[in-house]
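Notes for the structure review
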Amino acid sequence: MNPDSGVRGTDLTTQQLYDILRLRVDVFVVEQNCPYPELDGRDLLPTTRHFWIEGPDGVESYLRVLDEGDGVQRIGRVVTAQRARGRGLAARLMTAALISVGDADSVLDAQTYARGFYEKFGYVAEGDEFDEDGIPHIRMRRRLVPTR
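Our subject in this report is the structure included herewith. Bear in mind the structure is a predicted one, so any value in this text is a computation, not a measurement.

Section: the pattern of salt bridges
- Scanning the entire structure with this criterion turns up 16 salt bridges.
- For aspartate 43, the salt bridge is made with arginine 24, and the minimal N-O distance between the two is 2.8 Å. Residue aspartate 43 is found in the loop between helix H1 (14-31) and strand E2 (49-55), and its partner arginine 24 is found in helix H1; the two are separated by 19 residues along the sequence. Accessibility assignment for this pair places aspartate 43 and arginine 24 in one class, buried.
- Notably, a salt bridge pairs aspartate 109 with arginine 139, separated by 2.5 Å at the nearest N-O pair. Of this pair, aspartate 109 sits in strand E5 (residues 106-111) while arginine 139 sits in strand E8 (residues 135-142), placing them 30 residues apart in sequence.
- A residue is classified by how much of its surface remains accessible, and arginine 139, at 30% relative accessible area, is partly exposed.

This is how it looks when you write it as structure tokens:
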């Protein structure tokens, strides 16, 4: 797919959803040895937008944007297959996702090792590190319009 457009949750095909879930499970559950409830009921919502890049072996990189309400968007499940790392795919997806987010505030929960990656896109850490399923994370926020 063209990562610039994104796909709404209600428009995903069965095959697309399968390929996306397979990548997320392969990396988050198997590679990172982190059993967690991957199916959270948000992938098929009409307000969820999915962004991914396919390669010859299927989905190589992926992220989703969720509507958190109150005008806040959440970027999550940012993942790249081991075979495709180091090619800037996640950065391409972040750029496309942020175009989709526009001027809205957006948040994400970053694995702490990736904090610098998200800072390049204007995210700022807020609060303390926390443990999510045995992996250290930090909440990060991006605001384009200053609060009054």
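Notes on unusual backbone geometry
- With a phi angle near 50°, asparagine 33 is a residue other than glycine that sits in the positive phi range.
- Relative to the helices and strands, asparagine 33 is located in the loop between H1 and E2.
- Phi is positive for aspartate 70, close to 55°, though the residue is something other than glycine.
- Residue placement: aspartate 70 occurs in the loop between strand E3 (58-69) and strand E4 (72-80).

Considering the pairing of E8
- Most of E8 sits out of view: six of its eight residues are buried.
- Sheet topology note: the E5/E8 ladder contains six bridges and is antiparallel. Of the residues in E8, the one forming a bridge with valine 107 is arginine 141.
- Across two bridges, the pairing between strand E6 (residues 124-125) and E8 is antiparallel. Paired with valine 124 across the two strands is arginine 141, which belongs to E8.
- Strand direction decides the pairing type here: strand E7 (residues 130-132) and E8, joined by three bridges, are antiparallel. Among the inter-strand pairings, aspartate 131 is bridged to a residue of E8, identified as proline 136.
- Connecting E7 to the next strand, E8, in antiparallel fashion are two residues, including aspartate 133 with a positive phi near 55°.

Details of the side chain of arginine 64
- Summarising the element assignment, arginine 64 is placed in strand E3.
- Within the local environment of arginine 64, its side chain forms a polar contact with the side chain of aspartate 40, the two groups lying 2.5 Å apart.
- Within polar-contact distance, the side chain of arginine 64 engages the side chain of aspartate 43 at 2.8 Å.
- What arginine 64 contacts, discounting residues up to four positions off in sequence, is Arg24, Asp40, Arg42, Asp43, Thr48, Arg49, His50, Arg74, Ile75, Gly76 and Arg77.

Focus: the nonpolar core
- Ranked by internal contacts, the top residues of the largest apolar core, which has 24 residues, are Leu63, Ile75, Met94, Leu108, Tyr118 and Tyr123.
- Of all the elements in the fold, those that place two or more residues in this core are E2, E3, E4, helix H2 (89-101), E5 and E8.
- Considering every element that reaches this core, the biggest residue donor is H2, with eight residues.
- In this structure, Val7, Ile20, Cys34 and Val79 belong to the second largest nonpolar core, which totals 16 residues.

Focus on the packing of aromatic side chains
- Enumeration according to the criterion identifies three aromatic pairs in this entry.
- With centroids separated by 5.3 Å and ring planes inclined at 65°, the aromatic side chains of phenylalanine 117 and phenylalanine 121 adopt a geometry described as edge-to-face.
- Taking relative accessible area as the criterion, phenylalanine 117 reaches 25% and is therefore assigned partly exposed.
- Judged by its relative accessible area of 17%, phenylalanine 121 is buried.
- Here the aromatic rings of tyrosine 118 and tyrosine 123 are separated by 6.4 Å at their centres, their planes lie at 80°, and the arrangement is edge-to-face. In this structure, tyrosine 118 and tyrosine 123 share a single accessibility class: buried.
- Taken together, the ring pairs in this structure connect Phe117, Tyr118, Phe121 and Tyr123 into an aromatic cluster.

Scoring rules and cut-offs
Residues numbered from 1 in each chain as written. Predicted model: local features only at pLDDT ≥ 70, side-chain atom pairs only at ≥ 80, totals over all residues. Heavy atoms only, no water. Salt bridge = Lys/Arg side-chain N within 4 Å of Asp/Glu carboxyl O. Helix = DSSP H or I, 4+ residues; strand = E, 2+ residues; numbered from the N terminus. Buried < 20%, exposed > 50% of the residue type's maximum accessible area, 1.4 Å probe, protein only. Pairing = 2+ DSSP bridges. Polar contact = N/O pair within 3.5 Å; in protein donor to acceptor, adjacent residues only side chain to side chain. Contact = heavy atoms within 4.5 Å. Core = buried A, V, L, I, M, F, W, Y, C linked by side-chain atoms within 4.5 Å. Phe/Tyr/Trp six-rings, centres within 6.5 Å; stacked < 30°, edge-to-face > 60°.

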